[in-house]
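So you can see what is in the structure, the chains are spelled out below.
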Amino acid sequence: MSDLFEASGIHPPDAPLADRLRPQTLEQVVGQDHLLGEGGPIRRMIEAGRLGSMILWGPPGTGKTTIARLLAKAAGYEYQSISAVFSGVADLKKAFEAARMRRAAGQQTLLFVDEIHRFNRAQQDGFLPFVEEGVVTLVGATTENPSFELNGALLSRSQVYVLKRLDDAALDQLLDRAAALMDRPLPLTPEARHAMLALADGDGRYLLTMSEVLFDLPGPDRGGDLLDVQALAGVLQKRAPAYDKSREEHYNLISALHKSVRGSDPDAALYWLARMLNGGEDPLYLARRIVRMAVEDIGQADPLSIMVANAAKDTYDFLGSPEGELALAQAVVHLATAPKSVGVYEAFKAAKKAAHETGSLMPPAHIRNAPTKLMKSLGYGKGYQYDPDTPEGFSGANFFPDDMERRTFYKPKGEGHEEKVKARLERWAAMRARAQKDG
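All values derive from a computational prediction rather than experimental measurement.

## Remarks on the pattern of salt bridges
Here's step 1: With the rule as written, the count across this model stands at 15 salt bridges.
Here's step 2: One salt bridge in this structure joins R118 and E115, with 3.6 Å as the shortest N-O distance.
Here's step 3: For R118, a relative accessible area of 52% puts it in the exposed group.
Here's step 4: D201 is the partner of R165 in a salt bridge, and the nearest nitrogen-oxygen pair spans 2.8 Å. You can see R165 sitting in the loop between β5 (159-162) and α11 (168-182) and its partner D201 sitting in the loop between α12 (190-200) and α13 (204-215), a full 36 residues away along the chain.
Here's step 5: Overlapping salt bridges bring together R262, R292, E296 and D297 as one network.

Encoded structure:
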């Protein structure tokens, strides 16, 4: 019976509010104007009268299923859907056979595959001949990065379109439509309404699910009161933030944290740290990344940073959550506000490259160890100067292989502690040049 309602565009009266408000035309879809608006790629496809296979990639509740349905309707294609969660090879074969029969009768098929990333690589390969032959126009929906989750061959035959999380303006439109359908406003103060948008976190379906609970409450029109932010929190359970420690969101957030520290923004860095901790990230993973930030982005500009980062790791290990998380926050603030230098990081990369290029060149004879008479007779250790015994504590000797020109790997820019280091290196370079000239 529900299929009959859906086919007619009418929803049963007991259907969820999100279903009753499902757009009936592409113009009613909110928040995706970059794809569906004037000049958008999907809009151009519809205007041309021919659909191509595509992957719709975006967060939950942004309209992927709705867009697929409306695309089929706009283009006059038969709409058929399967879910990778509940379907297997047998279901795919039935879908393709039905599409082939429709094609023979002159009817095109839009095959919508929800959660397409859940099909394994072999199953994804099974789509290829039917897409290539035009038996189906494939519209796949995924919340995961297609680059990681879908076969390259399937991606090469499809356009990937990115759906945006719904912003407050789009979510506001949905609430207005819900109020119009229910013929009464939500029983919320303006502040509570804004808090509700934040709770939805860009998910239109979740927003309407929350709205349905609130519409059941007596508002001022039925002798009740408007809910403020505190009362709203009492009615609705706070939603866990969208975060999957093994998926792309994990890498996006750790990248945001690292780059906020690198960009010397302690406030943004603390925000991303809190986001990851709230999402259930392993604090010791964060501690390891904080140590990496200290050695990669700060280095000799503030040698204390690596000790602070290690101390934060040890403190968390000792205290655990939640108290130990404060040590991570302290380390993040220290690193974000510290002077930055990639001098050591770049120098080590360059040194490794040089070591690879020069192979097995031996050290110069004067700094080779000479524990035997034979080694001494070969000149090992001859002419070596013990730097601390020289008048200025610096001999200016050559420590590179004899067959290798001297190279400069470490080039401090003079931030923080490196200001003194840079001056010292410049003084030693001048002394070395004189020593080599005199020698």
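After that view of the structure, there is still more to cover.
## Quick notes on unusual backbone geometry
Here's step 1: A cis amide bond, omega 0°, links S321 with the succeeding residue P322.
Here's step 2: Tracing the backbone shows P322 in the loop between α18 (304-319) and α19 (325-337).
Here's step 3: A positive phi angle, close to 55°, is found at E115, a residue other than glycine.
Here's step 4: Locating E115 in the fold gives a position in the loop between β3 (109-114) and α7 (121-125).
Here's step 5: Positive phi is not limited to glycine here, since D201 has a value of about 55°.
Here's step 6: Overall, D201 belongs to the partly exposed group, its relative accessible area being 33%.

## Description of the domain arrangement of the protein chain
Here's step 1: Taken domain by domain, the protein chain consists of domain 1 (32-162), domain 2 (168-238), domain 3 (247-337) and domain 4 (362-436).
Here's step 2: Inter-centroid distance (C-alpha atoms) of domain 1 to domain 3 is 41 Å.

## Overview of the sheet that holds β3
Two pairing modes exist for strands in a sheet, parallel and antiparallel, and in both the strands are linked by backbone hydrogen bonds.
Here's step 1: The sheet built from 5 strands is open, its strands ordered β2-β3-β4-β1-β5 with parallel pairing. What marks the edges here is a single partner per strand, and that holds for β2 (78-83) and β5. Neighbouring strand axes in the sheet, compared pairwise and without regard to direction, differ in orientation by 20° on average.
Here's step 2: Note: β2 against β3, 6 bridges, orientation parallel. Residue pairing in the sheet places I82 in a bridge with V113 of β3.
Here's step 3: Along the sheet, helix α6 (residues 89-104) makes contact with β2 and β3, crossing β2 at roughly 170°.

Conventions used here
- Residues numbered from 1 in each chain as written.
- Predicted model: local features only at pLDDT ≥ 70, side-chain atom pairs only at ≥ 80, totals over all residues.
- Heavy atoms only, no water.
- Salt bridge = Lys/Arg side-chain N within 4 Å of Asp/Glu carboxyl O.
- Buried < 20%, exposed > 50% of the residue type's maximum accessible area, 1.4 Å probe, protein only.
- Helix = DSSP H or I, 4+ residues; strand = E, 2+ residues; numbered from the N terminus.
- Domains from an automatic or database assignment.
- Pairing = 2+ DSSP bridges.
- Axes fitted to C-alpha atoms, helices over the stretch in contact; angles between N-to-C directions.
- Contact = heavy atoms within 4.5 Å.

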